[in-house]
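Remarks on the overall topology
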Amino acid sequence: MFRLTWKGLLAHKLRFALTALSVMLGVSFLTGTNVLTDTITKTFNEMFANAYAGTDAYVRARSKIDSQFGTQRARIDGSLLPQIRTIDGVLDAQGTLAFYAQMADSSGKPIGQPGRGAPTFGFNWVPDGKLSPWKLVSFKGVESAAPASDDEVVIDKASAHLGNLKIGGKVRVLTQLAPKEYMVVGVAMFGTIDSPGGASAVMMTTREAQRITAPPVAPDVPAQTNQFDAIAVASRPGISQEEMALRVRDVVGEPARYEVLTGAQVTAETQSEIEKSLSFFRIGLTIFAYIALFVSIFIIFNTFSIIVAQRLRELALLRAIGASGRQVMFSVLGEAVLVGLFASAAGVIGGIVVAAGLKAMLAGFGIDIPTGDVVVARGTVLLAMVVGTLVTTLSAILPARRASKIAPVAAMRDVALEPNTRKARWTIIGLVLTALGTCALFFGLFGGPSNGIAFVGLGAMVIFLGVAVLGPTLARPVSKVLGWPVARLRGITGELARDNAVRNPRRTALTAAALMIGVALVALITIFAASTKASVSVAVDRAFKADYVIDAKGGGFGGGFSPELAKRVAALDEVSAASGLRFGAFKVDGGTKFIVSADPKAMGDLFDIDPVAGDFPALGVNEIAISTKIAKDLKLEVGSRLPVQFLTAEDMTVGAIYAAGQREGLSDYFISLEAFDKRYPERIDNQVLAHLAEGVTPAAGKRAINEVLIDYPTAELQDQAEFKQSRLDQINMFVNLIYALLALAVIIAGIGIANTLALSIVERTRELGLLRAIGMTRAQLRAAVRWEAVIISLFGAAMGLVVGLFFGWAIVEALKSEGITEFVPPGPQLLVVVAIAVFVGVLFALLPARRAARLDILKAIEAE
Amino acid sequence: MAIAETISSPLAARAVTASKIYGQDDNEVRALDGISVEFARSRFTAIMGPSGSGKSTLLHCLAGLDRVTAGQVFLGDIEISTCKEKQLTLIRRDRIGFVFQAYNLVPTLTALENMTLPMALAGRKPDKEWFDSVVDMLHMRDRLAHRPSELSGGQQQRVAVARALMSRPEVIFADEPTGNLDSRSSTEILTFMRGAVRSLDQTIVMVTHDPVAASFSDRVVFLADGKIVDEMSDPTSDGVLERLKSLGN
Ligand SMILES: Nc1ncnc2c1ncn2[C@@H]1O[C@H](COP(=O)(O)OP(=O)(O)O)[C@@H](O)[C@H]1O
Ligand SMILES: [Mg+2]
């Protein structure tokens, strides 16, 4: 029996290859995702292991703010350092500081791309030794030295290359203070690499670093100039990390304020943080891999259904000569297992290529990821093999079962076609599935369960299945309608194409269903993007009163500006009001929330904030302003106490309530810049907004502001329209990335079309031979096959469009409260989606069409 | 290659020292071995011979479905043995009609659509009068809207004959058209074919191994081992049977 399966496979290499290809692509993507994330993880892990290699104990503050942007921790008192150094067994102890610092080369151009991922750091220089991963190297023949005075720095080797800097030369450094020029006295390497993960690093004396990072002097807070982020301790040989941590803990005391970790713990914690932040990325890509595999299910199911139908007589003959139903079933399943194993193995190999491709693609979209040697984990291979083989085998179970039920007498019957009669039962099952999926989708979107995304995903999947089950019922009428113009336009060729599409409604519907998934998701993203863009436009138009926005080049979260910039812009005669705008995270009402900070006095000129209660412009350093929505939800009024937690827990007073609605850049919570300075260790403006004074022309205003920006090379001046456009561009970039990822699902559907057509052509060999014999030209035959593909893809696109519109509407509806206020299905773009689907159909029909046209007429008409 | 020219030729089709060799070296099979044969216009010719004697091969070569290895094949005055594939397709479509033993029809098309298929492929409309007369002659009027699966074997072959007649081809080639039919349906079809030759001046070349079928023709040529070994005019079934026996079949 196995030999039969094997021979069958060998005899149908193309069918085998196409079926395997559809699975292989999904498996490749899955493997590629895991290989890439494992590789990145390993790179980071090694980097951090390296960074903390000589650290045995580590002292830091306990209080911190966690958010999706990372963790900000309170600083610790520098006076701990001399005490720690006297502990018995301590070889060395060093205070460390890390902060935002952007270098600019001699022409004023910023080094690196802060807006595109890789961070730009400033550090205090920790002398070469166990506690610093940085090693001074000679650069272009000049020896490096450590910074000795406050205007000397050491820089990373990658930046030295990028900025064409040299030892003895100058470098401008932008920090939260005013820009300053330093002398480069040294170049350092991070272990054996030029820079860790593409980040840039500028290292200065501890005193200079402390000057830069010193918290601002708020009225009631004295300047704290001797502070560190942490103190790293290296022990003498023979003392365990745990022992050293204990000794340090004894000296430091104040366990509520300080925590002391071992070097191993810090390393592990940092590594797990990286793992966590990468998991978002891993999960995101994995979803697309599973979408692709989901599409393959339809294709495999369809292929095996067709194969079983075509082999009806052969299988019946097997039954007639004594094979049991089980044996027949296993011979079909055996083929599926073989296809699955082969496809998975090929997918694993392909995955390694995909990993490289994904990295290149993400780099193209501005997400640059550092990677070292490619990591192919055993788990990755195992997962790929299991998933690929299971998907293939499970998809073939129903067709295999059908094969096992073939009656031996079928060997004597003449025609071998799939059952064309639809049982009403299936229509009902399809409707029920669609309804159930819709319920799950709605529950996930509107029911507010904690794992809403899971319900949405499940709902979408079940809806796809439901519509696919309904497909065959729809196929005949819909294909007839869609094929009508084809038949009218293309005459007999079109008519044959339409008749063939209608001929096996199941086959047509399943093939179309595979395409439906891709089209629906693309349509969904298209609608979602158009709606988001429309909402952003509306929000900017409605809420923005500022004439100009100063944004970090390339957008993103990496960049920012010294508050000096806003001060200088505000001081311009041409500007009536200006303020830095900062975003932060804090804890309130049991959750981590987003908070905005700006100058409350300038806000009235920059945003349409509609204060409804309290004195917004006079917001104090211990006061918070909240939106009317929050006031209602938390039952607060002006003067209420609101328990919050920034670095430490405190009660703030509600100073004002404003009607924010849903507006770009204005969230539910607001504090003044002074209040922000007091509560966050780093004071960087994410944006600066400016309103021009009465009578100042835009040109004059722009000229004046640009004058200031010369000192800030990462700053980009945008008027309202440009700002809006840059927001829209960001959305476009994101959407294009998703399109690129969904392309996989569409391509697999294309392979499905090719496979179905190829199988149908084999089945119609005689008929095609007849057509050729009585005078159909090759071109006509090719055209007929192509038109059949057009009808199938139109059918799939139509179903996909309907489902996609529904999904798009539901999701936009669900995100109304998140600021997506407009539902905009973009007609022309959706038509383009349909056109692309049809194009894919025609493209993948080329090969089968050629094969059909190449058919040897004599063989065809004599074929048994 | 004007039609007038071909029409002017008294011969509808002919092969001149045509050979067809399958395989190579040791496996070589001479399906046609330097055969020369002529088929007159407006005549019903039957090709007979033992199984494997090259009947189908000859028919395929004459009809432009296959190429001879050596020699020439003419349709009228056109030498089709040198035509390109594309020309051959058009010649088949416009000047030749076919009836095969089975699987003559496109299952998705109705009887009417099947009958007019070659003209549809050419983008031409069938001549209404001609269409009506063919359909009526074959008694298919009330079956026009049916699909092949709804027709009996005999009816299917009648549709195939109608299709072959529809474009008034120069020659209709039929390979064992009655091979799958019972004797009553066979007689019907053969009667129609003979009728088409007699009253419509149609030229028909038919392969058959059935002496009764052959007796409907005007002339029988006998093939053995890829060569013409004999022929007979105005055959009777007994005469044909006699001759076949003498050929050692
Ligand atoms: N495609 C082919 N390849 C090899 N030999 C063939 C092929 N087609 C026919 N033949 C051989 O050519 C000879 C004539 O075949 P055919 O014309 O089909 O005979 P008939 O129709 O008289 O039974 C036979 O010996 C047959 O085996
Ligand atoms: Mg034959």
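Residues numbered from 1 in each chain as written. Chains lettered and ligands numbered in written order. Predicted model: local features only at pLDDT ≥ 70, side-chain atom pairs only at ≥ 80, totals over all residues. Heavy atoms only, no water.

Next up on the list: the overall build of chain A. A count of helices and strands for chain A gives 23 helices and 26 strands. Seen through its C-alpha atoms, chain A measures out along the principal axes to roughly 100 × 70 × 50 Å. A buried classification covers 55% of the 864 residues belonging to chain A. Within chain A, residue pairs in contact and separated by at least 24 positions form 82% of the contacts whose partners lie at least 6 positions apart. Accessible area for chain A stands at about 35,900 Å²; split by element, carbon and sulfur atoms hold 62% of it. Averaging the coordinates of the 83 positive side-chain charges in chain A and doing the same for the 74 negative ones gives two points 15 Å apart. (Helix = DSSP H or I, 4+ residues; strand = E, 2+ residues; numbered from the N terminus. Buried < 20%, exposed > 50% of the residue type's maximum accessible area, 1.4 Å probe, protein only. Contact = heavy atoms within 4.5 Å. Areas by Shrake-Rupley, 256 points an atom, 1.4 Å probe, with all protein chains shown as cover. Lys, Arg positive; Asp, Glu negative; His and termini not counted. Charge placed at Lys NZ, Arg CZ, Asp CG, Glu CD.)

With that settled, the discussion passes to the overall build of chain B. Check the secondary structure of chain B and you find ten helices and ten strands. Computed over its C-alpha atoms, the radius of gyration of chain B comes to 18 Å, within 12% of the 18 Å expected for a compact globule of 249 residues. Along the longest, intermediate and shortest principal axes, the C-alpha atoms of chain B span 50 × 40 × 35 Å. Put simply, chain B has 249 residues, and 53% of those count as buried. Expressed as a percentage of contacts within chain B between residues at least 6 apart in sequence, the contacts between residues at least 24 apart total 66%. Surface exposure of chain B reaches about 10,700 Å², of which carbon and sulfur atoms provide 48%. Here chain B contributes 28 positively and 32 negatively charged side chains, and the mean placements of these two sets differ by 5 Å. (Rg over C-alpha atoms; globule rule 2.2 N^0.38 Å.)

Attention now goes to the side chain of Arg172(A). Residues and elements named next belong to chain A. With respect to the helices, strands and loops of the structure, arginine 172 is situated in strand S11 (residues 170–174). Polar contacts involving the side chain of arginine 172 include one to the main-chain carbonyl oxygen of aspartate 711, which spans 3.0 Å. Ignoring anything within four residues of it in the chain, the contact list for arginine 172 reads Gln102, Met103, Ala104, Pro179, Lys180, Glu181 and Asp711. (Polar contact = N/O pair within 3.5 Å; in protein donor to acceptor, adjacent residues only side chain to side chain.)

The next point concerns helix H13 (residues 505–543) of chain A. Given 3.6 residues per helical turn, the α-helix brings residues three or four places apart onto the same face. The terminal C-alpha atoms of H13(A), which comprises 39 residues, lie 53 Å apart, in line with the 57 Å expected from a rise of 1.5 Å per residue. Most of H13(A) sits inside the fold, with 33 of its 39 residues counted as buried. (Expected span 1.5 Å × (residues − 1).)

Next up on the list: the sheet that holds strand S16 (residues 258–262) of chain A. All names here are of chain A. Read across the open sheet, the four strands follow the order S5-S15-S1-S16; overall the sheet is antiparallel. The open sheet has two edge strands with one neighbour each: strand S5 (90–96) and S16. Shown here is a sheet whose adjacent strand axes are inclined to one another by a mean of 20 degrees, direction ignored. Across the sheet, helix H6 (residues 241–252) lies against strand S1 (57–61), S5, strand S15 (230–235) and S16, angled at about 165 degrees from S16, the strand it touches most. Together, S1 and S16 form the strand contacts of helix H7 (residues 263–310), whose direction differs from that of S16 by roughly 95 degrees. (Pairing = 2+ DSSP bridges. Axes fitted to C-alpha atoms, helices over the stretch in contact; angles between N-to-C directions.)

Bringing the site of ligand 1 into the picture now. Residue and element names in this part refer to chain B. Every residue close to ligand 1 is listed here: Tyr22, Val29, Ala31, Pro50, Ser51, Gly52, Ser53, Gly54, Lys55, Ser56 and Thr57. Within the backbone of serine 53, an N or O atom sits 3.3 Å from an oxygen atom of ligand 1. The backbone of glycine 54 places a nitrogen or oxygen atom 3.0 Å from an oxygen atom of ligand 1. In isolation ligand 1 offers 560 Å² of accessible surface; the protein chains occlude 59% of this area. When contributions to the shell around ligand 1 are tallied by element, the ones reaching two or more residues are strand S2 (29–40) and helix H2 (55–62). Of the residues forming the shell around ligand 1, the biggest block, three residues, is contributed by H2. Residues that form the shell around ligand 1 fall into these classes: four nonpolar, six polar and one charged. (Near = heavy atom within 4 Å. Nonpolar A, V, L, I, M, F, W, Y, C, P; charged D, E, K, R; others polar.)

Counted by the stated rule, this structure contains 42 salt bridges over all chains. For Arg172(A), the salt bridge is made with Asp711(A), and the minimal N-O distance between the two is 3.6 Å. Here Arg172(A), found in strand S11, pairs with Asp711(A), found in the loop between helix H18 (698–709) and strand S26 (715–719); they are 539 residues apart in sequence, far enough to count as distant. Across the pair Asp142(B) and Arg143(B) runs a salt bridge whose closest N-O atoms are separated by 3.6 Å. We classify Asp142(B) as exposed; its relative accessible area is 55%. (Salt bridge = Lys/Arg side-chain N within 4 Å of Asp/Glu carboxyl O.)

The subject of this paragraph is the confidence of the model for chain A. In this model, chain A carries a mean pLDDT of 84, and residues with pLDDT of at least 70 account for 92%. Model confidence for chain A, summarised as mean pLDDT per element, is weakest for helix H1 (residues 2–11) of chain A at 66 and strongest for strand S10 (residues 152–156) of chain A at 93. (pLDDT = per-residue confidence, 0-100.)

With that out of the way, let us pick up the packing of H7(A) against helix H10 (residues 378–404) of chain A. Residues and elements named next belong to chain A. Where H7 contacts H10, the two axes come as close as 8 Å, and the packing angle between them is 35 degrees. When you trace H7 past H10, the crossing you get is right-handed. Touching Tyr290, Leu293, Ile297, Ile300, Phe301, Phe304, Ser305 and Val308 of H7 are Leu383, Val387, Val391, Thr392, Ser395, Ala396, Leu398, Pro399, Arg402 and Ala403, all from H10. Grouping the amino acids of the contact of H7 with H10 by side-chain chemistry returns 14 nonpolar, three polar and one charged. (Left-handed = near helix turned anticlockwise from the far one by under 90°.)

It is worth spelling out the sheet that holds strand S5 (residues 78–79) of chain B at this point. Residues and elements named next belong to chain B. Strand order in the open sheet formed by four strands is S2-S1-S4-S5, with antiparallel pairing between adjacent strands. The two strands at the open ends of the sheet, each matched to only one other strand, are S2 and S5. Two strands pair when backbone bridges link them, and strand S1 (residues 11–22) and strand S4 (residues 70–75) are joined in this way by five bridges, in the antiparallel orientation. Across the sheet, the residue bridging to serine 19 is alanine 70, located in S4.

One widely used convention gives an interface's size as the accessible area the parts lose upon coming together. The interface of chain A with chain B comprises 23 residues on the first partner and 23 residues on the second. Summed over both partners, the interface of chain A with chain B comes to about 2,200 Å²; 67% of that surface belongs to carbon and sulfur atoms. Its largest share of buried area at the contact with chain B, chain A owes to Leu770(A), Ile774(A) and Leu858(A), together 28% of the area lost on that side. Connecting chain A to chain B are one salt bridge. (Buried area = accessible area lost by both parts, 1.4 Å probe.)

Residue and element names in this part refer to chain A. Looking at chain A, the domain boundaries give domain 1 (54–273), domain 2 (475–545 + 716–864) and domain 3 (560–713). Here domain 1 and domain 3 have C-alpha centroids that lie 30 Å from each other. With 26 residues of domain 1 at the interface, the matching set in domain 3 holds 23 residues. Of the roughly 2,100 Å² buried between domain 1 and domain 3, counting both surfaces, carbon and sulfur atoms make up 61%. Our enumeration of links across domain 1 and domain 3 arrives at one salt bridge. Taken together, the connections running from domain 1 to domain 3 amount to five residue pairs in polar contact (both at pLDDT 80 or more). Broken down by secondary-structure element, the contributors of at least two residues to the side of domain 1 that touches domain 3 are strand S2 (64–67), strand S3 (70–73), strand S6 (98–100) and S11. (Domains from an automatic or database assignment.)

By the definition in use, this model includes 21 aromatic pairs over all chains. Ring geometry for Phe121(A) against Phe123(A): centres 5.4 Å apart, planes inclined by 35 degrees, an arrangement best described as tilted. Residue Phe121(A) is classed as partly exposed on the basis of its relative accessible area, which comes to 30%. Considering the side-chain rings of Phe294(A) and Phe298(A), the 5.5 Å spacing of their centres and the 90 degrees angle between planes classify their relative orientation as edge-to-face. One end of the pair, Phe294(A), and the other, Phe298(A), are both in helix H7, four residues apart, so they sit about a helical turn from each other. Using a relative accessible area of 4% as the deciding quantity, one classes Phe298(A) as buried. Ring pairs connect the aromatic residues Phe294(A), Phe298(A), Phe442(A), Phe446(A), Phe464(A), Phe806(A), Phe807(A) and Trp809(A), which therefore count as one cluster. Above the ring of Phe74(B), the side-chain terminus of Arg14(B) is found at 4.1 Å from the ring centroid. If you follow Arg168(B) out to its NZ or CZ, it ends over the ring of Trp130(B), 4.3 Å from the centre. (Phe/Tyr/Trp six-rings, centres within 6.5 Å; stacked < 30°, edge-to-face > 60°. Lys NZ or Arg CZ within 6 Å of the ring centre and 35° of its normal.)

The subject of this paragraph is unusual backbone geometry. A positive phi angle, near 50 degrees, is found at Lys140(A), a position not held by glycine. On the accessibility criterion, Lys140(A) (55% relative accessible area) is exposed.

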